[in-house]
Amino acid sequence: MLLLHGFPEFWWAWRKQANVLAAAGFRVLMLDLRGYGRSDAPPSVSSYRLPLLVEDIAAFASELGWKQFSLVGHDWGGIIAWAVAAWHPDMIKRLVVLNAPHLDVMPKVLRKTPLQVVCSAYVGFFRLPFLPEFFLSLGDFRMLRFALISTSRRGTFGSDAIERYASEWKRPGRLSAMLNYYRALTREKRVALGRIVPPVLILWGRRDHALSFPLASESLLQCVDGRILTQRHATHWIHIEEPEWVNENIVRFLSFDHARDGAPDQTAVVERSGHSG
């Protein structure tokens, strides 16, 4: 399986998943997305268009010789994962998305849910030239540090974790690269993703400050075979706050194909399209 992190993390975002999933018998790979961590960070906004981000994943899997694989994504990693499953459905065995919307549903939810308009205001700030880099980097990334702490449950991001993230933000060109995801998304002509054919599990923290639950329920309607599981007390950072719950549900959901490939049997999950739980 391939794990895709979100903003403003890097591969280490999956520190509470990787060993558990590997112990369950999966081959687990974690990427630094384009512009993050040790990956290349091209300077132009156009280098972060969604089709290019999707092709990064497809090309990486092809380089490994993977004809099919399971994909797990959170936040921006989840947005990319939706698109990979939409545009390369034959490559994806199963898809798990944590607190990230299918992009086709965003306009509808923004029209019908005034709260989401308010929650999405930061995107307008991020797409501005120069100013986001200036303000976010002030005081040794004080605003980014505060963003992680203020949008998560107390103790989710300890001082050691925050410092490890900050050390990555300080790499040349990384902050602009992270912001260019938002700039490219709002500048390019949106290409519809359409219905998602591979089986999908959506895991959602209901106390997400940036992404309201209607984004999850509407995303489910884009799935041919999908389900939602929610954590009432989790925030956007569900993979860090509720790792045991997340890990258990990922293993259970992926176990059917995994067992079929010759791994130890696991308890299978029965999916029902359009069902939430």
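First things first, this report covers the structure right here in the doc. No experiment lies behind these values; they were computed from the predicted model shown.

Analysis parameters
Residues numbered from 1 in each chain as written. Predicted model: local features only at pLDDT ≥ 70, side-chain atom pairs only at ≥ 80, totals over all residues. Heavy atoms only, no water. Helix = DSSP H or I, 4+ residues; strand = E, 2+ residues; numbered from the N terminus. Expected span 1.5 Å × (residues − 1). Buried < 20%, exposed > 50% of the residue type's maximum accessible area, 1.4 Å probe, protein only. Contact = heavy atoms within 4.5 Å. Salt bridge = Lys/Arg side-chain N within 4 Å of Asp/Glu carboxyl O. Pairing = 2+ DSSP bridges. Right-handed = clockwise from strand over helix to strand, strands pointing away. Patch = residues over 30% accessible without salt bridge, like charges linked within 9 Å, V, L, I, M, F, W, Y side chains within 5 Å. Areas by Shrake-Rupley, 256 points an atom, 1.4 Å probe, with all protein chains shown as cover.

1. Focus: helix H3 (residues 76–87)
- Given a rise of 1.5 Å per residue, twelve residues ought to cover 16 Å, and the 17 Å separating the end C-alpha atoms of H3 matches this to within 8%.
- The element H3 is extensively covered by neighbouring structure, given that eleven of its twelve residues are classed as buried.
- Residues Trp 76, Gly 77, Gly 78, Ile 79, Ile 80, Ala 81, Trp 82, Ala 83, Val 84, Ala 85 and Ala 86 constitute the buried set of H3.

2. So, the environment of His 209
- The residue His 209 is located in the loop between strand S5 (200–205) and helix H10 (213–220) in this model.
- With 145 residues separating them in the primary sequence, His 209 and Leu 64 have C-alpha atoms 37 Å apart.
- When sequence neighbours within four positions are dropped, the list of residues in contact with His 209 reads Cys 119, Ser 150 and Thr 151.

3. Structural notes on the pattern of salt bridges
- Tallying each qualifying case throughout the model produces nine salt bridges.
- Linking Asp 56 and Arg 34 is a salt bridge whose minimum nitrogen-to-oxygen distance equals 2.8 Å. One end of the pair, Asp 56, is in helix H2 (residues 50–64); the other, Arg 34, is in the loop between strand S2 (29–31) and H2, and 22 residues separate them in sequence.
- Taking relative accessible area as the criterion, Asp 56 reaches 27% and is therefore assigned partly exposed.
- Here Glu 242 and Arg 153 are joined by a salt bridge, their closest N and O atoms 3.0 Å apart. Remark: Arg 153 occurs in the loop between helix H7 (131–150) and helix H8 (159–169) and Glu 242 occurs in the loop between helix H11 (238–241) and helix H12 (243–260); sequence separation between them is 89 residues.
- Judged by its relative accessible area of 29%, Arg 153 is partly exposed.
- One network of salt bridges, in which partners are shared, links Asp 140, Arg 145, Glu 163 and Lys 170.

4. Let's talk about the pairing of strand S6 (residues 226–231)
- Pairing geometry for S5 and S6, over six bridges, is parallel. Residue Leu 201 lies in a different strand from S6, and its bridge partner there is Arg 227.
- The β-α-β motif built from S5, the intervening H10 and the parallel element S6 has right-handed crossover chirality.

5. Quick look at a nonpolar patch on the surface
- On the surface, a nonpolar cluster with roughly 510 Å² of combined accessible area is contributed by Leu 128, Leu 131, Phe 134, Phe 135, Leu 138 and Met 143.
- Within the element layout of this structure, Leu 138 appears in helix H7.

6. Notes on unusual backbone geometry
- In this chain, Phe 7 is followed by Pro 8 through a cis amide linkage whose omega measures -5 degrees.
- Examined against the element boundaries, Pro 8 turns out to sit in the loop between strand S1 (2–4) and helix H1 (18–23).
- For Asp 75, which is not a glycine, the phi torsion comes out positive at approximately 55 degrees.
- Along the chain, Asp 75 turns up in the loop between strand S3 (69–74) and H3.
- With a phi angle near 70 degrees, Phe 130 is a residue other than glycine that sits in the positive phi range.

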